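A structural walkthrough
So you can see what is in the structure, the chains are spelled out below.
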Amino acid sequence: MTDLAIVTEKLTRRFGALTAVDNVDLRVTAGQFFGFLGPNGAGKSTTIKMLTGLLAPTSGRMQLLGLDFSSHTMEVKRQIGVVPEGMGLFERLTGAEYLRFVGRMYGLDHPTTLRRTEELLEFMQLADRPKSMIADYSHGMQKKLALAAAVIHGPRILFLDEPFEGVDALAAGALKALLGRMTARGVTIFLTSHVLEIVERLCSHVGIIHQGRLVAQGSIDELRAGIAGEQGSKTTLEQIFLSIVGQSGAERAQIEELSWLT
Amino acid sequence: MADVAQPVGILQQMWLIAGLRWRMLHNNLRRKQNRLDLLGLIIVGLLAGAFVTVLCLALFEGARNFVTSGRPAWLSLFFWGIFLWWQLFPIIVAGFGVSFDFRGLLRFPLSFGAFYMLGLAYGLGDFTGLAAFCWTISIIAGAAAANLALLPAMLLVAVLFVLFNIALERLLGSWMERLLARRRSRELFFAGFILVMVSLQLLGPLLNRYGNSAEPWLARALPYTAYFPASLAGKSVGAASAGNYGEFALAAAGIACYAVFFGALLWLRFTAQYRGEELSETLAPEKAGRNKARRESDADALGLLSPQVAAVIRKEIRYLLRNGFAALLLLLPPILVFALITQATLFRFSGAKGGFSSELFFPGLVAYIILILMAPAYNSFAYESAGVQTYFTAPLQFRNVFLGKNFVQVALVATELTLCIAAFCYRVGMPSAPIFAATLAAIVFTLIGQLSLANWSSLSFPRKLVFGQVHGQRQSGMAVLVAFGAQILFFGISSLVLGLGRWTGDRWLPTKAFVLLAAAAVAGYVASLDALTSYAEKNKEKLIEALCR
C-alpha cells in the first residue's frame, strides 16, 4: 500500500444536480508518470482540484503518499506541487518575486528560497527579464513559471493541469526532460492533457474519465491489450481513447445533419 | 458566401442586444452570490434614487418659481448644473462604475448605424445619464406647470440639450478610455486627477485670501459663458417666454450646432472603434541598463515573523506599490487633512463661541482617515486574481494570510494617522490629554474591530478587480453595504462614548471605555482568526470562482 502515491475511493463531486466526478477509484503508484485523459467536461480538472485541495469532494476518500487528505491536509500539501487550471500566478509580481513568495509559503528557509529561485529561473530561461511583471510574460513563459513554482519545494507528487498548452516546442522539450528526470528520481507526476501524442510519449500509465466516471485505468500496454482485433501493438493512444470514449451513433447522426455547412 | 437570409435592421439588432443584457442579468441571478450582490445594489440604488428624486422635486419647484416670477432665463443655472454633472461625474466615478463593453458586440454583423445608436443609447443607460435625464424632465415639468405655452419650446430645447450632453459625454468617455488603456498614462491621469481634487479643497482658503481681487476678472469672463449650451438653453426658454421667437430659434440652433458638432466627432471616434481600434496595453521594452535585478539579501528583514506571514506582507507591499491608483489614494488623506486644517485654522479654535472645537475636530479627523483607508479591506482579495489558489494549495493556515494582509493594513493606517496627527499638532496644537488618549484607544477599537468584519466580508463577498483598470469595475454591492454598516456601527459607538464623557463631565471616562472596547476588539480579532480559517476552507470554492473568473 505504501508504494501507492495516489489512491481515491469512490471520489465524488456534485455541483447541484450535475455529478462532475462519480465514484472514481484511482490508483497511481509512486514514481509513475500518469496521464489523466478525458473529453471536455469529463471531470479531469475537478478531480485534480480535489486532489490538490482546491475543491472539497462531496463524498469519497483521497489518500496521497499513504496519508488521508482530510486528516493530514498540511502534511500532504507540503509534499505536493500543483500547476492549477489558470496557473494561479500573482501577475503583478516579477518571476523571481513570485518564486520567492511560493518558496516561503511552502516553508523553505530564506537562503534556500533565493538559491532555488535563481536556479529555476535560469533553467526555465526566464532569467533575462528580471524586472518584467508576470502580467507582461507570454502565455508560455507563464506556464514555465507556474511549473517552476510547483517544483520549488521539491514535491513528491506533481499535479499538472494542461502543462504544455501554449508552450513552444523548445521549452516543451526542456520541460519534458525535466519531468522525465523527476520521475526517474521517484517523483509521481499526474498530468492532464488534451494532446494525446504528448501523453503517449511521456506517460507510462493513463486513466480515462468520461462523464465523471473512470472508464479505464492502467499502463498504455494494458489498455492496448484490452482493444480487441488485429491492430494489436500498433494501436495508438488516440485510437484507444476513441474506442473507449468515442462518439455514439446518435452524436454521429447529429453531425451528419449539419449538411448546410458542407 | 454565408447564406444569411436578410440583413438585420438597426432596431432588430438593438432589440437583440437588449435581450442579451436581460439574459445576462437573468442568468447571473441564478447564483446566490450574485443575488446578494444585486440586493446590495438595490439598496444602494434606493439611496441614489432618493437623491435623484429630492433633486427632481427641487428642480421642478425652482423651474416653476423662475418662470412664474418672470425670470425664465435663470433656468440656465439648472442647465449648467446638469451639464457639469453629466460631464464630470462619469469621470469622477470612472474607477468605480460598471459598464458593458459594447465594442465586444463587433464580432457580430452589426451595422455601423446600429453601433453608433447603441453607443448613444448607452449614454442614457447609466446612473449619471438617467439622473440628468430625470432632472431635465423635472425642469420641463416645472416650467410647463407655470406656463403651459412654454412646453413645446422647453421640449425642443431639452431634446437638443440631452442630445448634446450624450454626444459629449460619450465622446469624452471614449477618449478617456483610449487614454487610460495604457498603464502609464492611466497613472499620470490619476495623479493629475487627485491633484485637481485636492486643489479644490484649497479653493476655500484661496478664495478667502484672493477672492476680492479675482472678482473683476470673473466679471469680465462671465459674459462669454452665454455662448455655451447650458446658457443657450436658458436663453432660448427666456426668449420663448418673452415671445421673441427669432432669438429662441437662434439659441436653439446654437445648441443644435453643438450637438451636431460633438455628434460628428463621436461619429469619427466610433468609426475608429468600429474598424477595430486596438486599446490593449503595449509592452515597453526593458531598458538594457535596468536589466539586472537587485540581488535579494540573504538576511531576511522579516525573519521574526513566520515565513508565510512575511511572504504575504512582502507581496501586499509590492502589490500596493504597483497599483498606481491605490498608491496615489494613500497620499490623499494627509493632503486632505492638511487642506482641512488650513481651512479650519481660518476659524478660531479652542472652545470659543462661534469657532471650531479642536476637542471635536481631532477625533473627527482621525475618524475621517480611518473611514477612507479601511474601505479596501472589505474586499481585500480583489486584486489576487488566480493567485488566490496558491493560498489553498500551499501548506498554510489561512489565518497567516489574514495576519499578513492585516499587518500591512494596520501599518498603513498607523503611518498615515501618525503623519496626520503630527500635522494637526503642528498646525493646531495638541488636543487635551483626555481627548488625545481617548482618540488613540478609539483608533485601536475601530481599526481592529473593523478588521474582523472586513476579513469576513472579503471571504463572503469577493469581487475581482483588475489591476490598474479604470473602467467597468465595481465593488461587490454587499461588501459596500457591510463596510458602510460597520463604519456606521463603529463610529456610532465611538460618538456615543465621547458624548457620554461630555454629558457626565468625566473627561477620562471615554478613555477608560475605549480601552475596554479596544481590548474586546483585540480579543475578538484573535478569536476570529481560527473561525475565519475554517470559514475560508468552507468558502474557498466561492472565493476561487469569483477571483479566477
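Parameters at a glance
Residues numbered from 1 in each chain as written. Chains lettered and ligands numbered in written order. Predicted model: local features only at pLDDT ≥ 70, side-chain atom pairs only at ≥ 80, totals over all residues. Helix = DSSP H or I, 4+ residues; strand = E, 2+ residues; numbered from the N terminus. Contact = placed C-beta atoms within 7 Å. Rg over C-alpha atoms; globule rule 2.2 N^0.38 Å. Buried ≥ 20, exposed ≤ 12 C-beta atoms within 10 Å, placed from the backbone. Nonpolar A, V, L, I, M, F, W, Y, C, P; charged D, E, K, R; others polar. Expected span 1.5 Å × (residues − 1). Pairing = 2+ DSSP bridges. Axes fitted to C-alpha atoms, helices over the stretch in contact; angles between N-to-C directions. Parallel < 35°, antiparallel > 145°, perpendicular 65-115°, else oblique. Left-handed = near helix turned anticlockwise from the far one by under 90°. pLDDT = per-residue confidence, 0-100. Core = buried A, V, L, I, M, F, W, Y, C linked by C-beta atoms within 7 Å.

1. Regarding the overall build of chain B
- Scanning chain B for helices and strands turns up 18 helices and zero strands.
- Long-range contacts, defined as pairs at least 24 residues apart, comprise 83% of the intrachain contacts of chain B with a sequence gap of at least 6.

2. Digging into the overall build of chain A
- Along its length, chain A carries ten helices and eleven strands.
- Computed over C-alpha atoms, the radius of gyration of chain A comes to 20 Å, within 12% of the 18 Å expected from 2.2 N^0.38 for 262 residues, which places it in the range of a compact globule.
- Seen through its C-alpha atoms, chain A measures out along the principal axes to roughly 60 × 45 × 40 Å.
- Taking all 262 residues of chain A together, 46% fall into the buried category.

3. Things to note about unusual backbone geometry
Residue and element names in this part refer to chain A.
- We note that Met87 has phi near 70°; this positive angle belongs to a residue other than glycine.
- Take Met87: it is sitting in the loop between strand 7 (80–83) and helix 3 (95–105).
- Even without being glycine, Glu162 reaches a positive phi, approximately 50°.
- Summarising the element assignment, Glu162 is placed in the loop between strand 8 (157–161) and helix 6 (169–184).

4. Here we look at the interface of chain A and chain B
- Residue-level contacts link 34 residues of chain A with 33 residues of chain B.
- Elements with a contribution of two residues or more to the side of chain A that touches chain B: helix 2 (73–78), helix 3 and helix 4 (110–123) of chain A.
- If one sorts the elements of the side of chain A that touches chain B by residue count, helix 3 of chain A sits on top with seven residues.
- Taken together, the residues of the side of chain A that touches chain B sort by class into 17 nonpolar, seven polar and ten charged.

5. Points about helix 17 (residues 477–504) of chain B
- When the terminal C-alpha atoms of helix 17 of chain B are compared, their 40 Å separation across 28 residues agrees well with the 40 Å that a helix rising 1.5 Å per residue should span.
- Backbone geometry just downstream of helix 17 of chain B places Gly505(B) in the positive-phi region, at approximately 80°.

6. A short note on the pairing of strand 11 (residues 213–219) of chain A
Residue and element names in this part refer to chain A.
- In this sheet, strand 11 lies alongside strand 10 (residues 205–210) in antiparallel orientation, the contact comprising six bridges. Bridging across to strand 11, Ile208 finds its partner in Ala216.
- Two successive antiparallel strands, strand 10 and strand 11, enclose a turn made up of two residues, where Gln211 displays a positive phi of approximately 50°.

7. Regarding the packing of helix 17 of chain B against helix 18 (residues 509–548) of chain B
Residues and elements named next belong to chain B.
- Their axes nearest at 8 Å, the elements helix 17 and helix 18 cross at an angle of 150°. Of the possible angle classes, the one that applies to helix 17 and helix 18 is roughly antiparallel. When the axes of helix 17 and helix 18 are compared, the crossing they make is right-handed. For the pair helix 17 and helix 18, contact is made by Val497, Leu498, Leu500, Gly501 and Thr504 and by Leu509, Pro510, Ala513 and Phe514, respectively.

8. Re the confidence of the model for chain B
Residue and element names in this part refer to chain B.
- Per-residue confidence for chain B gives a mean pLDDT of 81, with 79% of residues at or over 70.
- Per-residue pLDDT stays below 50 along residues 95–99; that stretch engages in twelve contacts with residues further than four places along the chain or on separate chains.
- Note that residues 350–354 has pLDDT below 50 and, in this model, three contacts with residues that lie over four places away or in other chains.
- In the predicted assembly, ipTM is 0.85 and pTM is 0.72.

9. Thoughts on the pairing of strand 5 (residues 59–64) of chain A
Residues and elements named next belong to chain A.
- With five bridges joining them, strand 1 (residues 4–15) and strand 5 adopt antiparallel strand pairing. For Glu9, the partnering residue across the bridge sits in strand 5 and is Arg61.
- Two strands pair when backbone bridges link them, and strand 5 and strand 6 (residues 67–68) are joined in this way by two bridges, in the antiparallel orientation. Its bridge partner lying in strand 6, Leu64 is registered against Leu67.
- Counting the residues that bridge the hairpin from strand 5 to strand 6 gives two residues, and of these Leu65 lies at a positive phi of roughly 55°.

10. Some details on the environment of Met176(B)
Residue and element names in this part refer to chain B.
- Counting through the fold element by element, Met176 comes out in helix 6 (residues 151–180).
- In this structure Met176 comes out as partly exposed when scored by C-beta crowding, with 17 C-beta atoms within 10 Å.
- Between the alpha carbons of Met176 and Phe189 there is a distance of 9.5 Å; along the sequence they are 13 residues apart.

11. A short note on the sheet that holds strand 9 (residues 188–192) of chain A
Residues and elements named next belong to chain A.
- Taken in spatial order, the six strands line up as 7-8-9-4-10-11 in an open sheet, and their pairing is mixed. Taken across any chain shown, the strands that pair with only one partner, and hence form the sheet edges, are strand 7 and strand 11. Adjacent strand axes in the sheet meet at a mean angle of 15°, parallel and antiparallel pairs treated alike.
- Each of strand 7 and strand 8 is contacted by helix 5 (residues 139–151), which is oriented at about 170° to strand 7, the strand it contacts most.
- Strand contacts of helix 9 (residues 237–245): strand 4 (33–37), strand 10 and strand 11, with the helix running at about 30° to strand 10, the strand carrying the most contacts.

12. Looking at the nonpolar core
- In terms of nonpolar packing, the biggest core is built from 101 residues, with Tyr98(A), Leu145(A) and Ile189(A) touching the most fellow members.
- A per-element tally of this core places helix 5 of chain A first, with seven residues.
- With near-sequence residues (within four places) excluded, Ile189(A) lies in contact with Phe33(A), Phe34(A), Leu158(A), Leu160(A), Leu179(A), Met182(A) and Thr183(A).
- Of all hydrophobic cores here, the second largest spans 50 residues; its members include Phe115(B), Leu150(B), Ile166(B) and Ala251(B).

13. Let's talk about the environment of Thr390(B)
- In this structure, Thr390(B) sits in helix 14 (residues 388–393).
- If near-sequence neighbours (up to four positions away) are discounted, Thr390(B) is found in contact with Gly88(A), Val102(A) and Met105(A).

14. Things to note about the environment of Glu85(A)
Residues and elements named next belong to chain A.
- Mapped onto the secondary structure, Glu85 falls in the loop between strand 7 and helix 3.
- We classify Glu85 as partly exposed; it has 18 C-beta atoms within 10 Å.
- Among all residues touching Glu85, those that are not within four sequence positions of it are Ser45 and Asp161.

15. Topic: the packing of helix 9 (residues 229–241) of chain B against helix 10 (residues 245–274) of chain B
All names here are of chain B.
- Direction vectors running N to C along helix 9 and helix 10 enclose 155°, while the axes themselves pass 8 Å from each other. With respect to their mutual orientation, helix 9 and helix 10 come out roughly antiparallel. Relative to helix 10, the crossing made by helix 9 is left-handed. Here Pro229, Leu232, Ala233, Lys235, Ser236, Ala239 and Ala240 of helix 9 come into contact with helix 10, specifically with Glu247, Phe248, Ala251, Ala252, Gly254, Ile255 and Tyr258.
- Here the residues of the contact of helix 9 with helix 10 sort into ten nonpolar, two polar and two charged.

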